[in-house]
Amino acid sequence: MKAHYDFSGHTLVVAGAASGIGHATALAFLEAGATVIAVDIDADGLARVVHARWLPRRIDIADSAAVQALVDEVLMLQGRIDGAVLSSAIQHRSLIDETSDEAWQRHLDVNLSGIFYFLRALFPVMKAQKSGSIVAFTSGLATNGWPGAAAYAATKAGITGLVKCAALELRTFGVRINALSPGLVATPVFLQSATKEELAMYELSLGVSQPVEVVPTLMYLMSDASVTISGNVVERRLIPRA
C-alpha cells in the first residue's frame, strides 16, 4: 500500500528547514507541490536547495519581531499560510549545577519561546482562514529525562503544554495543532549532543532512525487525512532490535 499526498497550491512554513527532520520534511512538501517557506538560522543549509517554490528565509526564531515580520511577509506574498512544521531546536548538554544562565535561557528562547512566537503570529492568519495545520516537536526526554539534558527536556515538556492549550483555543476555527515525539533520529541536534557510548547503546537496542523516516507521519498530520486529530502528542516508538 502506498500513500500519496498532494499539497499543490498550499503554502507551508518549515522552521528548522536547513537540516534534519525539518529539511527532509520541507523537501517532501516541495515534491508534493507545495510552496515551502524554509526557515532557519543556517543560511548555508537553506542555500543547498534551489527551486522556484523554495523560499528560504534566514531568521533566529528566538527573535519575536523577526518571526512576526516573516509571517506578515509570507501572508503578503502568498495570501495564506496553510500549515507549519516547527522543528527548530538546540540541545547543548551540561549537568544542572554546571549550566550557565545564558545556556539555560538560550534553550528556552529557541526551543520554547521561538515556537510560541510562531504560534502567536500564525493564529490570527489561520483563524481568519478557518483552516490550517501545525506540528511542533516534543521529545521522549521530556518524560524520561537524561543526564545533562535538563534544559532541552524542560523545553520539550513545555511544548506539550503549549500544544494542548493551543488546540483548545483553535478547535472552533477549523485549525489543528499536534505535537510529535519523533523518537531516536539521526539529526544534527541529537548526533552532536549524544556521546559515542550513548549512540552505540541505542544502535544495539532500539536503533536510530533517519530523518526521512519521520516524514510520512508529518505528511499525514499536515494533510486533511488527519482532519479530526488535534491536541495530541504523537509518539514514534521504535521497535526494539532482537
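Please refer to the structure higher up on the page.
K.L.:
Can you walk me through the packing of helix H1 (residues 20–31) against helix H9 (residues 215–222) in this structure?
P.N.:
When two helices pack together, their arrangement is given by the angle between their axes and by how far apart the axes lie. At their nearest, the axes of H1 and H9 sit 10 Å apart, and the two run at 60 degrees to each other. With respect to H9, the element H1 is oriented oblique. Every pair of crossing elements has a handedness; the one defined by H1 and H9 is right-handed. On the side of H1, the interface is formed by Ile21, Ala24, Thr25, Ala28 and Phe29, while H9 contributes Val215, Leu218, Met219 and Met222.

K.L.:
Explain the side chain of Asp82 to me, please; I cannot follow it from the model alone.
P.N.:
Assignment of secondary structure puts Asp82 in the loop between helix H3 (64–78) and strand E4 (83–86). Judged by its relative accessible area of 12%, Asp82 falls in the buried class. Within polar-contact distance, the side chain of Asp82 engages the side chain of Arg80 at 2.6 Å.

K.L.:
Explain unusual backbone geometry to me, please; I cannot follow it from the model alone.
P.N.:
Leave glycine aside and you will find that most residues have negative phi; peptide bonds, for their part, are mostly trans. Its identity is not glycine, yet Lys130 carries a phi of approximately 60 degrees, on the positive side. Structurally, the position occupied by Lys130 is in the loop between helix H4 (101–129) and strand E5 (132–137).

K.L.:
I'm lost on the nonpolar core in this one. Help?
P.N.:
Most often, soluble globular proteins have nonpolar side chains that are buried together. Grouped together as the largest cluster of nonpolar side chains are 35 residues, with contacts concentrated most on Val39 and Phe118. Of all the secondary structure elements, the ones that give two or more residues to this core are strand E1 (11–15), strand E2 (35–40), H3, E4, H4, E5, helix H6 (150–170) and strand E6 (175–181). Looking at this core, the element that brings in the most residues is H4, giving 10 residues. Residues contacting Val39, with those up to four places away along its chain left out, are Val13, Val14, Ala15, Gly16, Ala17, Leu46, Arg57, Ile59, Ile61, Leu70 and Phe118. Among the nonpolar cores identified, the runner-up in size contains 30 residues, and Val135, Val185, Val214 and Met219 belong to it.

The rules behind these values
- Residues numbered from 1 in each chain as written.
- Predicted model: local features only at pLDDT ≥ 70, side-chain atom pairs only at ≥ 80, totals over all residues.
- Heavy atoms only, no water.
- Axes fitted to C-alpha atoms, helices over the stretch in contact; angles between N-to-C directions.
- Helix = DSSP H or I, 4+ residues; strand = E, 2+ residues; numbered from the N terminus.
- Parallel < 35°, antiparallel > 145°, perpendicular 65-115°, else oblique.
- Left-handed = near helix turned anticlockwise from the far one by under 90°.
- Contact = heavy atoms within 4.5 Å.
- Buried < 20%, exposed > 50% of the residue type's maximum accessible area, 1.4 Å probe, protein only.
- Polar contact = N/O pair within 3.5 Å; in protein donor to acceptor, adjacent residues only side chain to side chain.
- Core = buried A, V, L, I, M, F, W, Y, C linked by side-chain atoms within 4.5 Å.

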